[in-house]
Amino acid sequence: MATTESVPRSKRRATSGKGQGRRAELLAIAAELFATKGYTQTTVRDIGDAAGILSGSLYHHFDSKEAMLDEILRDFMGGLHASFAEIVAGGESPRAVLEGLVRSSFATIHESPHAVALYQNESALLAHLPDFSYVAKTSQDITTQWLDVLTAGVASGDFRDDLDPRVTYRFVRDSVWGTVGWYKPHGELAHESVADQFLSMLYGGLLPQ
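Read on for a plain summary of the structure. (Residues numbered from 1 in each chain as written. Predicted model: local features only at pLDDT ≥ 70, side-chain atom pairs only at ≥ 80, totals over all residues. Heavy atoms only, no water.)

### Examining the pattern of salt bridges
Operational definition: The rule for a salt bridge is simple: a side-chain nitrogen of Lys or Arg has to be within 4 Å of a carboxyl oxygen of Asp or Glu. The helix count covers DSSP runs of H or I at least four residues long, the strand count covers runs of E at least two residues long, and both are numbered beginning at the N terminus. Per-residue accessibility, obtained with a 1.4 Å probe over protein chains only, is compared with the maximum for each type, and a residue is labelled buried under 20%, exposed over 50%, and partly exposed between these values.
A full pass over the atoms with the stated rule returns 10 salt bridges. The shortest N-O distance in the salt bridge between D70 and R74 comes to 2.9 Å. One end of the pair, D70, and the other, R74, are both in helix α3 (residues 65-88), four residues apart, so they sit about a helical turn from each other. Owing to a relative accessible area of 43%, R74 belongs among the partly exposed residues under this scheme. A salt bridge links R160 to D162; the shortest N-O distance between them is 2.8 Å. For the pair R160 and D162, one class covers both residues: exposed. Within this structure, E99, R103 and D196 form a network of salt bridges that share partners.

### Digging into the packing of helix α4 (residues 94-111) against helix α9 (residues 191-204)
So the rule is basically this: Every axis in this analysis is a line fitted to C-alpha atoms, fitted for helices over the stretch in contact. Angles between the N-to-C directions lie between 0 and 180 degrees. Each angle gets one of four labels, with under 35 degrees taken as roughly parallel, over 145 as roughly antiparallel, 65 to 115 as roughly perpendicular, and the rest as oblique. Here a crossing is taken to be left-handed if its near helix is turned anticlockwise relative to the far helix by less than a right angle, and right-handed if that turn runs clockwise. The criterion used for residue contact is that any of the two residues' heavy atoms lie within 4.5 Å. Under the grouping applied here, Gly and all other residues not named as nonpolar or charged are polar, the nonpolar ones being Ala, Val, Leu, Ile, Met, Phe, Trp, Tyr, Cys and Pro and the charged ones Asp, Glu, Lys and Arg.
Put simply, α4 and α9 touch, their axes get as near as 9 Å, and they point 140° apart. Here α4 is positioned oblique relative to α9, judged by the angle of their axes. Both α4 and α9 take part in a crossing whose hand is right-handed. Here α4 contributes R95, L98, E99, V102, R103, F106, A107 and H110 to the contact with α9, which in turn contributes H191, E192, V194, A195, D196, F198, L199, L202 and Y203. Residues that form the contact of α4 with α9 fall into these classes: 10 nonpolar, two polar and five charged.

### Some remarks on the packing of aromatic side chains
The condition that has to hold: Between the rings of Phe, Tyr and Trp (Trp by its six-membered ring), a pair exists once the centres lie within 6.5 Å; its type follows the angle of the planes, with under 30 degrees stacked, over 60 edge-to-face, and the other angles tilted. Here, over-ring charges are defined by two tests on the NZ atom of lysine or the CZ atom of arginine: distance to the ring centre within 6 Å, and angle to the ring normal within 35 degrees.
Tallying each qualifying case throughout the model produces six aromatic pairs. Taking the centre distance of 5.8 Å and the plane angle of 65° together, the rings of F106 and F198 count as edge-to-face. Highlighted residues: F106 in helix α4 and F198 in helix α9, separated in sequence by 92 residues. Both residues of the pair, F106 and F198, count as buried. Aromatic pair W146 and Y169: ring centres 6.0 Å apart, planes at 55°, arrangement tilted. Taken as a pair, W146 in helix α7 (residues 133-156) and Y169 in helix α8 (residues 165-177) lie far apart in primary sequence, 23 residues in all. Y169 matches W146 in its accessibility class, with the two residues each being buried. By the ring-pair criterion, three or more aromatic residues cluster together here, those being F84, W146 and Y169. Against the face of Y134 rests R74, its NZ or CZ located 3.8 Å from the ring centre.

Function-wise, these values are silent; they only describe arrangement.
Pasting the structure below:
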């Protein structure tokens, strides 16, 4: 595969608790580089340099650069889908569920900004990598979760019936996830505050009442 930076494959070594912690640290470094520099532009040497180790040492933990990308995305996409599924299964009103989905999204941006940016920036590349077909599948499942909530809200009277749920979803999705470009996890605004303001605008608009 043209975008894969590979090394000879060997059996994955069993890792201790300390080893697992080191793997997580390396994945965090890789995610930041993939998100800020670009996946194809980031080399194994770049990751090794940022981690303060020789690039060859990475192969004690991962078979390739692509294996790191895969683990980052599987953890991110799987966790996001599971979090949304739990909120949807809560049995609350469509409006309460939508609010929960929005707040969970902003919390994810706060906790995993590089994974979010990586997914957004590399979506076109991922669509052409056969081993990453699960990304598109999980994305579609998540879209269905949101659309079902919006459609149920129209039916229950919680949401306006003159708005197409598909258009509403796209507006909400792009507005929420686009904040990863400017939101700072350690900045002045807390993600809860951003979510509060977003929901206020979503429900009340910009015009004074």
